[in-house]
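Architecture at a glance
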Amino acid sequence: AASSATSRSILGIMSSPTVTPSVFYDEASIGIDWLTRVLGLQVLSRYPMPDGTVAFAELGWRTGVVFVSSRPPADNPWSKVGVASIALAAPDAETVRRHFHQAVAAGADVVRELHVSRTPAFPQGSAQFDLRDPEGNLWTVGTYQPKASR
């Protein structure tokens with residue numbers, strides 16, 4: 001018989017995120033400040049380099065984590081990472097609304113106002129809005145809750 005931990009893994013029930021996005025910034029300190037001030041992410045860990053760049057940071061959103069780092073020198077393969085598109089799943093429309101007003105008050109570059117998006121993936125609709133961070137990454141805050149297992 002499989003252990004309960006193995007059973008949970010087989011069923012796709014995990015206690016930690018199993019897919020984690022990474023965002024690289026030319027100015028990671030500015031990116032981290034923006035993510036915490038505008039979107040309300042929390043710094044879980046931060047490892048600065050002697051030159052003031054950020055070697056690695058973990059920012060939390062609900063049960064998920066986003067990795068944030070300073071863009072490394074050109075000889076490092078990670079220096080070629082482009083802009084990203086990341087969706088943050090909120091528990092309800094009121095939370096989305098609260099984050100929208102927080103972002104607007106912070107002067108964020110909101111590229112799509114608060115709206116209900118309906119697609120074949122979520123025909124019931126997702127209350128959401130989209131904004132760009134200072135280095136062009138696109139962030140969506142919405143109520144669509146993807147499922148890891150079907």
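One can find the structure itself at the top, above this paragraph.
In what follows, the accompanying structure is described. (Residues numbered from 1 in each chain as written. Predicted model: local features only at pLDDT ≥ 70, side-chain atom pairs only at ≥ 80, totals over all residues. Heavy atoms only, no water.)

Here four strands make up an open sheet; going across it, the order is β5-β8-β7-β6 and the pairing mixed. The open sheet has two edge strands with one neighbour each: β5 (85–89) and β6 (109–117). With strand direction ignored, the average angle separating the axes of adjacent strands in the sheet is 15°. The pairing of strand β7 (residues 126–132) with strand β8 (residues 138–142) spans five bridges and is classified as antiparallel. When the bridges of β8 are listed, Arg132 appears paired with Leu138. Helix-sheet contacts for helix α3 (residues 93–105) involve β6, β7 and β8, and the interaxial angle to β7 is about 20°. (Pairing = 2+ DSSP bridges. Helix = DSSP H or I, 4+ residues; strand = E, 2+ residues; numbered from the N terminus. Axes fitted to C-alpha atoms, helices over the stretch in contact; angles between N-to-C directions. Contact = heavy atoms within 4.5 Å.)

Side chains that differ in charge, positive against negative, can pair when their charged atoms come close. In total, this model carries four salt bridges according to the counting rule given. Arg71 is paired through a salt bridge with Asp26; the nearest N and O atoms lie 3.0 Å apart. With Arg71 in the loop between β4 (64–70) and β5 and Asp26 in the loop between β1 (22–25) and α2 (28–38), the pair connects residues that are 45 residues apart, well separated along the chain. Arg71 gets classed as partly exposed once you look at its relative accessible area, which sits at 26%. Relative accessible area serves as the criterion here: at 52%, Asp26 is assigned to the exposed category. Salt-bridge contacts for Arg97 lead to Glu94; the nearest nitrogen and oxygen are separated by 3.3 Å. Here the residue Arg97 and the residue Glu94 both occupy positions in helix α3, the gap between them amounting to three residues, near one helical turn. Owing to a relative accessible area of 35%, Arg97 belongs among the partly exposed residues under this scheme. (Salt bridge = Lys/Arg side-chain N within 4 Å of Asp/Glu carboxyl O. Buried < 20%, exposed > 50% of the residue type's maximum accessible area, 1.4 Å probe, protein only.)

Strand order in the open sheet formed by four strands is β1-β4-β3-β2, and the pairing between neighbours is mixed. Where the open sheet ends on each side, the last strands, each with one partner, are β1 and β2 (42–48). Each strand axis lies, on average, 20° off the axis of its neighbour in the sheet, ignoring direction. Here β1 runs beside β4; their pairing, made up of four bridges, is parallel. Paired with Tyr25 across the bridge in β4 is Ser70. α2 contacts β1, β2, β3 (54–61) and β4 of the sheet and is inclined by roughly 10° relative to β3.

What follows is about the nonpolar core. Membership of the largest hydrophobic core comes to 26 residues, with the highest contact counts inside it found for Leu35, Leu39, Val68, Leu131 and Trp139. Counting only elements with at least two residues in this core, the list comes to β1, α2, β3, β4, β5, α3, β7 and β8. Of the residues forming this core, the biggest block, five residues, is contributed by α2. (Core = buried A, V, L, I, M, F, W, Y, C linked by side-chain atoms within 4.5 Å.)

Nothing here speaks to function; it is geometry throughout.
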